[in-house]
Amino acid sequence: METIVSVTGGKVRGRTEAGISTFLGIPYAAAPVGPARFELPARVPEWDGVRDALEHGPTCVQSPYPAPIHALIGSDGIAGEEYLNVNVWTPDAGGSGLPVLVWIHGGAFVRGSNAREIYDGAAFARDGVVVVSINYRLGISGFAAVPGAPLNRGLHDQVFALRWVQENIETFGGDPGNVTIFGESAGGMSVVSLVASAVTRGLFGRAIMQSGNGIAVATERDAELVATEVARHAGIAPTATAFGELGPDRLREAQNAMALDLMTDPDPARWGASIIRNGLGIMSLFPVLDGELVAALPSDVLAAQPDRAVPMLVGCTAEEFRFFTVPTGLAAGITAENLPAVLTRYGVDPAVAPVYSANRPDASAADVFNVIITDAAFRDDTMRIAESVAAAGKPAHVYEFAWRSGIEGLGACHVLEVPFVFDRLAAAPTLTGPNPPQALADEVHRAWVDFATHGDPGWERFTAGRRAVKVFDSQASAVHVDPRADELAALRASHGGH
């Protein structure tokens, strides 16, 4: 059955099946093409008649994932100009007062889209929550520090989409006063940036950060070094005009060439210390300090300005980095002999390794490396954010996803919790392996529904006196108090207490 609603720009036609109405590919801003690719988002032009919202909309230009990662999660890419679009799932387009979740996808700020099957919001709608998933500008288009263009265009797109939600969510039965933003990986990093920003007040009331951090921010100078390298590969001057004249294929080729250079030669003198340190030598195009939307590292903002805090649910998987090192073969090359050098390459003091190794006497050097970098990139700052939110007097809830994939070697890796959160296990067999536990998906998904509905995911708050962490596992999900505290203490001591 078709369902027609009115939104900013005009009327759209969705589809209603089994009590859930789905609207796909609704533009929330004007198409950012040509010179507009490097401008702030603009209001969507009005259209005549009723526009179909029955298929996923275009995605920002991007390359497929490298083959080993593509085999696990696939890749995104739908051609078209109107890639600033949203999808909406609702249990009652004619209702009112429903809680709202706004999803911000991951992909290292250079890949991803709202069209991925594991991001389908139908299960949330089934359980009484309106879901909006957004696309935003990625890579060069969204985050290159191009002279003459505003910084953080991709984050500005997210803010623009949240304003669209405030204007339009009542049309879908949602409550604009009960909006929770959530995201994973780059989406989780975006969430913390939005929480810490002074320009997002009133756009949401709660936030969920999955496998993110509040330190993935570059200085403008360092980001300009990256943009200059991209321009060199494209054979153009590093200006907004010259970049705007590039077609999608040349944008993609130049971005890929630059990323390969960074991976093979992660020299801070060439790329800038903040790119290498805060991007772990993996990410090259990500948010930039601009004095407005991103005034400082989001984690530092939350620690220094408690008024910015909102109730938050934050966490990560137990073995995030296995996703990046096992399928690609990098883990196979890590030995006890070269472990110190590899840790140094990722900006971690090798002095922390004995603490981790002592707690895992049977672990390989690669296993130790993966858990150390998981902590350095995700867990350390996750806990720091929880500490700041709790210190501000706001509810903080922390989780760890510890269930291990049935795919050999992946363990409790990056992205693994996402199909459990969305209750979409059937869409992720290449990531979860056969027969993932539905009971665990029921538990995790319900926690997210409850947090979005009333702010309590079902376990005790994290506080300074009792650092409670809900550990999700199929055998024994339970709350643990300050798990592996000695490892985190060693890591923080190695870099001055952060």
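Since we're looking at a predicted model, the values are computed, not measured. (Residues numbered from 1 in each chain as written. Predicted model: local features only at pLDDT ≥ 70, side-chain atom pairs only at ≥ 80, totals over all residues. Heavy atoms only, no water.)

Draft legend 1. Broad picture of the packing of helix H4 (residues 153-168) against helix H5 (residues 186-196). Interhelical geometry of H4 versus H5 gives an angle of 70° and a closest axis separation of 11 Å. Taken together, the axes of H4 and H5 are roughly perpendicular relative to one another. Of the residues in H5, those touching H4 at Leu155, Gln158, Val159 and Leu162 are Ser190, Ser193 and Leu194. Counted by class, the contact of H4 with H5 contains 4 nonpolar, 3 polar and no charged residues. (Axes fitted to C-alpha atoms, helices over the stretch in contact; angles between N-to-C directions. Helix = DSSP H or I, 4+ residues; strand = E, 2+ residues; numbered from the N terminus. Parallel < 35°, antiparallel > 145°, perpendicular 65-115°, else oblique. Contact = heavy atoms within 4.5 Å. Nonpolar A, V, L, I, M, F, W, Y, C, P; charged D, E, K, R; others polar.)

Draft legend 2. Representation of the side chain of Ser190 in the model. One can find Ser190 in helix H5. Those residues in contact with Ser190, other than ones at most four positions away along the chain, are Ile104, Phe109, Leu155 and Gln158.

Draft legend 3. Spotlight on the nonpolar core. Counting 103 residues, the largest nonpolar core has Ile26, Phe172 and Phe243 as its most contacted members. Apart from residues lying up to four places away in sequence, Phe243 is in contact with Phe38, Ile140, Val146, Ala227, Val230, Ala231, Ile236, Pro238 and Leu251. Ranked by size, the runner-up nonpolar core spans 43 residues in total, among them Phe182, Phe401, Val449 and Ala452. (Core = buried A, V, L, I, M, F, W, Y, C linked by side-chain atoms within 4.5 Å. Buried < 20%, exposed > 50% of the residue type's maximum accessible area, 1.4 Å probe, protein only.)

Draft legend 4. The packing of helix H6 (residues 220-234) against helix H8 (residues 248-264), seen in detail. The interhelical angle for the contact between H6 and H8, taken along N-to-C directions, is 120°, at an axis separation of 8 Å. Classified by the angle between their axes, H6 and H8 sit oblique to one another. Seen from above, H6 lies across H8 with right-handed handedness. For the pair H6 and H8, the contacting residues are Val226, Glu229, Val230, Arg232, His233 and Ala234 in the first and Arg250, Ala254, Gln255, Ala257, Met258 and Asp261 in the second. (Left-handed = near helix turned anticlockwise from the far one by under 90°.)

Draft legend 5. Layout of H5. Counting buried residues along H5, 11 of its 11 residues qualify, which places the element largely inside the surrounding structure. Listing the buried residues of H5 in full gives Ala186, Gly187, Gly188, Met189, Ser190, Val191, Val192, Ser193, Leu194, Val195 and Ala196.

Draft legend 6. Representation of the pattern of salt bridges in the model. For the coordinates displayed, the defined rule picks out 32 salt bridges. For Glu487, the salt bridge is made with Arg360, and the minimal N-O distance between the two is 2.5 Å. Taken together, the residues span a long stretch of sequence, with Glu487 in helix H19 (residues 485-494) and Arg360 in the loop between helix H14 (353-359) and helix H15 (365-391) at a distance of 127 residues. Relative accessible area serves as the criterion here: at 1%, Glu487 is assigned to the buried category. (Salt bridge = Lys/Arg side-chain N within 4 Å of Asp/Glu carboxyl O.)

Draft legend 7. Main features of the pairing of strand E5 (residues 85-90). The element E5 is extensively covered by neighbouring structure, given that 6 of its 6 residues are classed as buried. Neither face of E5 is open: one carries Asn85, Asn87 and Trp89, the other Val86, Val88 and Thr90, and all of them are buried. Pairing between strand E3 (residues 20-27) and E5: 5 bridges, direction antiparallel. By the bridge assignment for E5, Ile26 is matched with Val86. Pairing of E5 with strand E7 (residues 130-134) involves 4 bridges; the strand directions are antiparallel. Its bridge partner being in E7, Val86 is matched across the sheet by Ile134. (Pairing = 2+ DSSP bridges.)

Draft legend 8. Expanded view of the packing of aromatic side chains. Per the counting criterion, the structure on display carries 22 aromatic pairs. Judged by centre distance (4.6 Å) and plane angle (65°), the rings of Trp103 and Phe182 are edge-to-face. A residue pair is termed long-range when its members are at least 10 positions apart, and Trp103 in strand E6 (residues 98-104) and Phe182 in strand E8 (residues 174-184) qualify at 79 residues. Judged on exposure class, the residue Trp103 and its partner Phe182 are both buried. Here the aromatic rings of Tyr399 and Trp448 are separated by 5.2 Å at their centres, their planes lie at 65°, and the arrangement is edge-to-face. (Phe/Tyr/Trp six-rings, centres within 6.5 Å; stacked < 30°, edge-to-face > 60°.)

Draft legend 9. Examining unusual backbone geometry more closely. A positive phi angle, near 50°, is found at Ala18, a position not held by glycine. Inspection of the secondary structure assignment puts Ala18 in the loop between strand E2 (10-17) and E3. Backbone geometry places Asp482, a non-glycine residue, at a positive phi of 50°. Take Asp482: it is sitting in the loop between strand E13 (478-481) and H19. By relative accessible area, which is 25% here, Asp482 ends up partly exposed.

Draft legend 10. Representation of the environment of Ala42. Note on placement: Ala42 falls in the loop between E3 and strand E4 (50-52). Ala42 gets classed as partly exposed once you look at its relative accessible area, which sits at 38%. Excluding its chain neighbours within four sequence positions, the residues that come into contact with Ala42 are Ala29, Ala30 and Phe160.

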